[in-house]
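Structure assessment
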Amino acid sequence: MKLYNIKENDEQVSFGQAVRQGLGRNQGLFFPSELPKFDDIDALLAEDFVSRSGKILSALIGDELPQDQVNSMVDAAFQFPAPIKAVKEGVYALELFHGPTLAFKDFGGRFMAQSLAAVSDGGKITILTATSGDTGAAVAHAFYGMEDINVVILYPKGKISPLQEKLFCTLGKNIHTVAIDGDFDACQALVKQAFDDQALREEIGLNSANSINISRLMAQICYYFEAASQLTKEQRENLVISVPSGNFGNLTAGLLAKALGLPIKRFIAATNANDTVPRYLETGKWEPKPTVATTSNAMDVSQPNNWPRIEELCGVKEWGLETLGKGAVTDEQSAASVKDLNDLGYLCEPHGAIAYRVLQEQLAEDETGLFLCTAHPAKFKEVVDDILDADIELPGPLAKHAAMELLSEDLANDFDALKEVLRRVQ
Ligand SMILES: *Cc1c(COP(=O)(O)O)cnc(C)c1O
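Predicted, not measured: the structure shown is a model, and the values here were computed from it.

So, how was this worked out
Residues numbered from 1 in each chain as written. Predicted model: local features only at pLDDT ≥ 70, side-chain atom pairs only at ≥ 80, totals over all residues. Heavy atoms only, no water. Helix = DSSP H or I, 4+ residues; strand = E, 2+ residues; numbered from the N terminus. Rg over C-alpha atoms; globule rule 2.2 N^0.38 Å. Buried < 20%, exposed > 50% of the residue type's maximum accessible area, 1.4 Å probe, protein only. Arc of directions from axis to C-beta. Contact = heavy atoms within 4.5 Å. Pairing = 2+ DSSP bridges. Axes fitted to C-alpha atoms, helices over the stretch in contact; angles between N-to-C directions. Near = heavy atom within 4 Å. Polar contact = N/O pair within 3.5 Å; in protein donor to acceptor, adjacent residues only side chain to side chain. Nonpolar A, V, L, I, M, F, W, Y, C, P; charged D, E, K, R; others polar. Salt bridge = Lys/Arg side-chain N within 4 Å of Asp/Glu carboxyl O. Phe/Tyr/Trp six-rings, centres within 6.5 Å; stacked < 30°, edge-to-face > 60°. Left-handed = near helix turned anticlockwise from the far one by under 90°.

Concerning the overall build of the chain
The number of helices and strands found in the chain is 19 helices and 14 strands. Taken over the C-alpha trace, the chain has a radius of gyration of 20 Å; the compact-globule value for 426 residues is 22 Å, and the two agree within 12%. The dimensions of the chain, computed from C-alpha atoms along their principal axes, are 60 × 50 × 45 Å. By the burial criterion, 60% of the 426 residues in the chain qualify as buried.

Here's the deal with helix α14 (residues 307-317)
When we look at burial in α14, the residues that qualify are Trp 307, Arg 309, Ile 310, Leu 313 and Cys 314. Viewed along the axis of α14, the buried residues span an arc of 155°, placing them on a single side of the element. On its buried face, α14 sits against β3 (30-32), α10 (214-229), α12 (249-259) and α13 (276-283). Looking one or two places after α14, you find Glu 318, whose phi comes out positive at around 55°.

Here we look at the sheet that holds β3
Pairing is antiparallel across the open sheet formed by three strands, whose spatial order is β2-β1-β3. In this open sheet, the two edge strands, each paired with only one partner strand, are β2 (12-14) and β3. Each strand axis lies, on average, 40° off the axis of its neighbour in the sheet, ignoring direction. Across three bridges, the pairing between strand β1 (residues 2-5) and β3 is antiparallel. Within the sheet, the bridge partner assigned to Tyr 4 lies in β3 and is Phe 31. Those strands touched by α14 are β1 and β3, and its axis lies near 30° from that of β3.

Digging into the sheet that holds strand β7 (residues 149-156)
Across the sheet, five strands lie side by side as β9-β6-β7-β8-β14; this open sheet has parallel pairing. A strand with exactly one partner marks an edge of an open sheet, and here the two such strands are β9 (206-207) and β14 (409-411). As paired strands, strand β8 (residues 175-180) and β14 are joined by three bridges and run parallel to one another. Bridging across to β14, Ala 179 finds its partner in Asp 410. Set on the sheet, helix α5 (residues 105-119) makes contact with β6 (125-130), β7 and β9; between it and β6 the angle comes to about 155°.

Some remarks on the site of the ligand
Around the ligand lies a shell of 15 residues, among which Lys 105, Asp 134, Gly 246, Phe 248 and Thr 374 are the nearest. In the environment of the ligand, an oxygen atom lies 2.8 Å from a nitrogen or oxygen atom belonging to the backbone of Phe 248. Within the backbone of Gly 249, an N or O atom sits 3.1 Å from an oxygen atom of the ligand. For the shell around the ligand, a count of residues per class yields six nonpolar, seven polar and two charged.

Side note on the pattern of salt bridges
The tally for this structure, following the rule as stated, stands at 19 salt bridges. Among the salt bridges present, the one from Glu 47 reaches Lys 55, with a minimum N-O distance of 2.5 Å. For Glu 47, a relative accessible area of 23% translates into the label partly exposed. Linking Lys 326 and Glu 282 is a salt bridge whose minimum nitrogen-to-oxygen distance equals 3.7 Å. Residue Lys 326 is located in strand β12 (residues 325-328), and its partner Glu 282 is located in helix α13; the two are separated by 44 residues in the primary sequence. Bridged by salt links that share partners, the residues Glu 8, Asp 10 and Arg 25 form one connected network.

Comments concerning the packing of aromatic side chains
The tally for this structure, following the rule as stated, stands at 14 aromatic pairs. Measuring from ring centre to ring centre gives 5.2 Å for Phe 49 and Phe 78, while their planes differ by 20°; the resulting arrangement is stacked. Here Phe 49, found in helix α3 (residues 49-61), pairs with Phe 78, found in the loop between α4 (67-77) and β4 (84-88); they are 29 residues apart in sequence, far enough to count as distant. On the basis of relative accessibility, which here comes to 9%, the residue Phe 49 falls in the buried class. Geometrically, the ring pair formed by Tyr 356 and Phe 371 is tilted, given 5.2 Å between the ring centres and 55° between the ring planes. Taken as a pair, Tyr 356 in helix α16 (residues 350-362) and Phe 371 in strand β13 (residues 368-373) lie far apart in primary sequence, 15 residues in all. You'll find Tyr 356 and Phe 371 in the same group, each marked buried. Among the aromatic residues, ring-to-ring pairing joins Phe 49, Phe 78, Phe 80, Phe 107, Tyr 223, Tyr 224 and Phe 267 into one connected group.

Details of the pairing of β4
Note that β4 and strand β5 (residues 91-95) share four bridges and pair antiparallel. For Lys 88, the partnering residue across the bridge sits in β5 and is Val 91.

Some thoughts on the packing of α10 against α12
Between α10 and α12, whose axes approach to 8 Å, the crossing angle comes to 65°. Where α10 crosses over α12, the two elements pack in a sense that is right-handed. Across the interface between the two elements, Leu 217, Gln 220, Ile 221, Tyr 223, Tyr 224 and Phe 225 of α10 pack against Gly 249, Asn 250, Leu 251, Thr 252, Ala 253, Gly 254, Leu 256 and Ala 257 of α12. Of the residues that constitute the contact of α10 with α12, the class distribution is nine nonpolar, five polar and no charged.

Okay, structure coming up:
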């Protein structure tokens, strides 16, 4: 597999390099130079999740890793299903939260851990990642206990749900969690700064597990195929998919699935009040505002770092950006949407409910709608309980971690302080 740096096209890397490096020069994202195309989609969709995903990922990775090895990586990473549930006539929820940390990021995090182990050159590896909530948990659990890999996770202090925090800040061993005095964009900026520091990068074998790592996006392509495989042929020919978006990795993966040949009529980019992209699609002006805190905090991102990949892909495929649906949803509207879904007999948390809301508004009668449910409702228990005046049950993994002690350290929003932490944990 060959990839190039979107910002400096002459930088070309293999899959292994892209996975190890994360980001290219000048903070450029890597993008595949060629995308395979599957002609017989129906045959591919007839396969089971793991074998189909092995084929898709192997076609992308090419001869760098043997098919057998890719199959076992997928087998180890995808040990949980991605079912669709009908919520009403013509509208389905894609449940991506059946993994160990109850959010879709388990797919990408676990496949990235497998990929990194497969392409490692034996040197020291430090994973540095910023999280607005769920990436941290997925990455922490995916890498927990792996030898020679240290994980440092930054998150905005007081801005993620207490349960989310418990899920990944209680592990210990090779997992180090740092509560930064700032918002998610500040955490992300610190990570970028660390990557710009070439000496530090080499000293500690710096790697990011953010959605900037191409292996995570590649894994996410697979559940779009899995969703389509559960619909009838007629339904999937007229399929509209609504994606609750923050950093826009999920939507990038969906568009990549379409580029590989999956027939998806159109996508909708649904955000909360952090609406840089919907406004950009409306006005053509990229004008991020300060990030605001919402009840869908995993999408509290005003400078989505995967957006350049979407522009690149749309450019390569000559898909006009105007073909993307869009919508920004307030906290009040998302609460109303959680209630609507509950009335339909479907328990949903605010991220999924935002995607549902925009889909509802924009779906035509002859279309089939699918909205992505990115987290288990219990992961946002405080918010959901409050909206529905209920007391929803915690699933096993959350209940266990909720009782454990937090091991995070607090840190100022300061690069030198972070450097000190990075060196100390080696
Ligand atoms: C990360 C996350 C999102 C946003 O996904 P992106 O790929 O960053 O757009 C949405 N919902 C939940 C629950 C998340 O954890």
